[in-house]
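Listed below, chain by chain, are the residues.
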Amino acid sequence: MGIIYTFRTVSFHLESLLSNTPNKNGLSLKIEWIESVSYANELKACMYQGAERNDEGDLISWKMLSENEWLGKSIFAIRQDARYLGKHGVVKAVKHIINSLSKNNMTSDDVNFFLPHISSMYFYEQLKSGLIEAGSPFSEEKWFVNLCEVGNVGAASIYLMLEQLFHSGRLKSGQKIFLFNPETESGRFSYSNVLLTVV
């Protein structure tokens, strides 16, 4: 049967359960597959702390710097190279989404709901355009995003989207839900996709 993912909302907090049997009192979500990848072997860190970039773009550890440089350059502050993220983040996201679908003999047409975690609506348009250009778009009605309602809550975002969709009344047995969760900054260009089936 596979692993079943069910939800119960209890006193304003989400309780999720993993089981090998479906929920007896309603719908469940079966985990069909999980695909994760990191491009850390190809790309440099775009978020870092305790380091400084040299002229070649490589990170120099705080251990190699003087105490005066620690203070003068705010070495221990968390830094993010937004240009580097903008250049590579969505490109690798699209690549991973397409690879996951292809590996599992699927296309975007086989998916009923696409739930991407995005940190801003800027990336919504970027991701949508990237998937269209790559020939693997999800139609507008398949996108399910609640960023404008709940904000960017980091690692909890994908769970809040899934919980909201689960209780929306839109799910029917047999539908496919595609989750996309990037960790481009702190996760060094890591991406995970999950396919769920409504049962």
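The structure presented is a predicted model; accordingly, all values stated were derived computationally and were not measured. (Residues numbered from 1 in each chain as written. Predicted model: local features only at pLDDT ≥ 70, side-chain atom pairs only at ≥ 80, totals over all residues. Heavy atoms only, no water.)

Looking at the nonpolar core
To keep things clear, this is the line we draw: Each nonpolar core is a collection of buried residues, namely Ala, Val, Leu, Ile, Met, Phe, Trp, Tyr and Cys, held together in the definition by side-chain atoms within 4.5 Å. Each residue is assigned to one of three classes by its accessible area relative to the maximum for its type, calculated with a 1.4 Å probe on protein chains only: buried under 20%, partly exposed between the two thresholds, exposed over 50%. Counting from the N terminus, the helices are the DSSP runs of H or I reaching at least four residues and the strands are the DSSP runs of E reaching at least two. Every residue pair with non-hydrogen atoms within 4.5 Å of one another is taken to be in contact.
The biggest cluster of nonpolar side chains holds 27 residues, and the ones touching the most others in it are Ile97, Phe114, Leu127, Phe138 and Phe178. Taken together, the elements giving at least two residues each to this core come down to α2 (82–103), α3 (121–133), β9 (176–183) and β10 (190–198). When residues no more than four places from it in sequence are discounted, the contact partners of Phe138 are Ile97, Leu101, Ser108, Val111, Phe114, Leu131, Trp143 and Phe178. Among the nonpolar cores identified, the runner-up in size contains 15 residues, and Phe144, Leu171, Val194 and Leu196 belong to it.

Description of the pairing of strand β8 (residues 113–116)
Keep this limit in mind: Paired strands, in this sense, are two strands between which DSSP finds at least two bridges.
Of the two faces of β8, both are covered, the one formed by Phe113 and Leu115 as well as the one formed by Phe114 and Pro116. Where β8 lies against β9, four bridges are found, and the strand directions are parallel. Its bridge partner lying in β9, Phe113 is registered against Ile177.

Some remarks on the environment of Phe180
Tracing the chain through its elements places Phe180 in strand β9. Under the relative-accessibility criterion, Phe180 is labelled buried at 2%. Separated by 84 residues in sequence, Phe180 and His96 have C-alpha atoms that sit 9.4 Å apart.

Structural notes on the side chain of His88
With respect to the helices and strands, the residue His88 is situated in helix α2. In this structure His88 touches Leu43, Phe189 and Tyr191, once residues within four positions along its chain are discounted.

Here we look at the environment of Leu59
One can find Leu59 in strand β6 (residues 59–61). Taking C-alpha positions, Leu59 is 8.5 Å from Ala45, a pair spaced 14 residues apart along the chain.

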